[in-house]
Amino acid sequence: MINGICQTGNDEAWEKYTELRKKRPELFVQNPYLKIETDYERVRHFEKESGRKIGVVYESPYSIMVVDLVYSEPGRYFAYERLVPAVSKGAVVIVPVYKDKFVLLNQFRHALRDFQYAFPRGFGEKALDSFRNAIKETEEEIGAEPHDVSLIGQIVADSGINGNKVDVYSCKVENISIKEKYEGIKSFRLLSDDEMKQWIKERKLNDGYTLAAYALYNS
């Protein structure tokens, strides 16, 4: 029971939402441009009228799908979904350089149902800060021990739905030994800086993380 109202149906999503607000208040900072409604009775009324579920509607060890009830003017409500990382910090993209050439993975991406060339990357992990996670992902995905590891910036790939702030590291590697089919990896490609620019021009590279990380590397 919440505020004297008997719980049914969507209340599990709202309970998880309330817990998330307590644990990670930085995700729910109020702003007059787009306010988050937190009154349970107003949320329940909106759910009944719209058929939309408000709250934490899905969660995994990697991501949490949150649907907020938001408004810019009183009384004009709408549901706004977003993905937030299950681990608040530590997600990384790595720019590996082998003998002055960039290492790109040819990896199958489930969301696209297709292969895509991209730099190695990984979700945050509870036991690791982003520096150690960058080392781990480099070792796992390209089979190389990185050195000269350096933080070069931070990116958000798609702030329209994704709230994951990702640290970008560059490193040098002396050897590459990928495990075929590990996390969908098929092969790798070495590209010089001129070849990177040409691939971008020819639209062979379209991964947002990779394009942003490359821009940071050259800034």
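Residues numbered from 1 in each chain as written. Predicted model: local features only at pLDDT ≥ 70, side-chain atom pairs only at ≥ 80, totals over all residues. Heavy atoms only, no water.

Right, let's talk about the overall build of the protein for a bit. Helices and strands together make up the secondary structure of the protein, namely five helices and eleven strands. Buried positions account for 39% of the 219 residues belonging to the protein. Here the analysis covers contacts within the protein between residues at least 6 apart in sequence; of these, 62% occur between residues at least 24 apart. Summing over all exposed atoms, the protein offers an accessible surface of approximately 12800 Å²; the carbon and sulfur share of this is 49%. (Helix = DSSP H or I, 4+ residues; strand = E, 2+ residues; numbered from the N terminus. Buried < 20%, exposed > 50% of the residue type's maximum accessible area, 1.4 Å probe, protein only. Contact = heavy atoms within 4.5 Å. Areas by Shrake-Rupley, 256 points an atom, 1.4 Å probe, with all protein chains shown as cover.)

Moving on to a nonpolar patch on the surface. Together, Tyr33, Leu34, Phe78 and Tyr80 give the surface a local cluster of nonpolar side chains, amounting to about 430 Å² of exposed area. Within the secondary structure, Phe78 is located in strand β4 (residues 77-85). (Patch = residues over 30% accessible without salt bridge, like charges linked within 9 Å, V, L, I, M, F, W, Y side chains within 5 Å. Salt bridge = Lys/Arg side-chain N within 4 Å of Asp/Glu carboxyl O.)

It is worth spelling out the side chain of Glu37 at this point. Checked against the element boundaries, Glu37 lands in the loop between β1 (35-36) and α2 (40-50). Overall, the relative accessible area of 6% leaves Glu37 in the buried class. Within the structure, the side chain of Glu37 is placed 2.8 Å from the side chain of Tyr77, a separation counted as a polar contact. Discounting chain neighbours no more than four positions away, the residues touching Glu37 are Trp14, Arg42, Val43, Leu69, Tyr71 and Tyr77. (Polar contact = N/O pair within 3.5 Å; in protein donor to acceptor, adjacent residues only side chain to side chain.)

Moving on to the packing of aromatic side chains. Under the definition given, this model contains twelve aromatic pairs. On the basis of an interplanar angle of 40° and a centroid distance of 6.1 Å, the ring pair of Phe78 and Tyr80 is categorised as tilted. For Phe78, a relative accessible area of 35% gives the class partly exposed. For Tyr80, a relative accessible area of 36% gives the class partly exposed. Within the aromatic cluster, the residues linked to one another by ring pairs are Trp14, Tyr17, Phe28 and Tyr40. (Phe/Tyr/Trp six-rings, centres within 6.5 Å; stacked < 30°, edge-to-face > 60°.)

Now for the side chain of Arg121. Position of Arg121 relative to the elements: it lies in strand β8 (residues 121-122). Among the polar contacts listed, one links the side chain of Arg121 to the side chain of Asp207, at a separation of 3.1 Å. Once you skip the residues sitting within four places of it in the chain, Arg121 turns out to touch Val92, Val93, Ile94, Arg109, Glu137, Glu141, Asp207 and Tyr209.

Remember that the coordinates give geometry; whether it matters functionally is a separate question.
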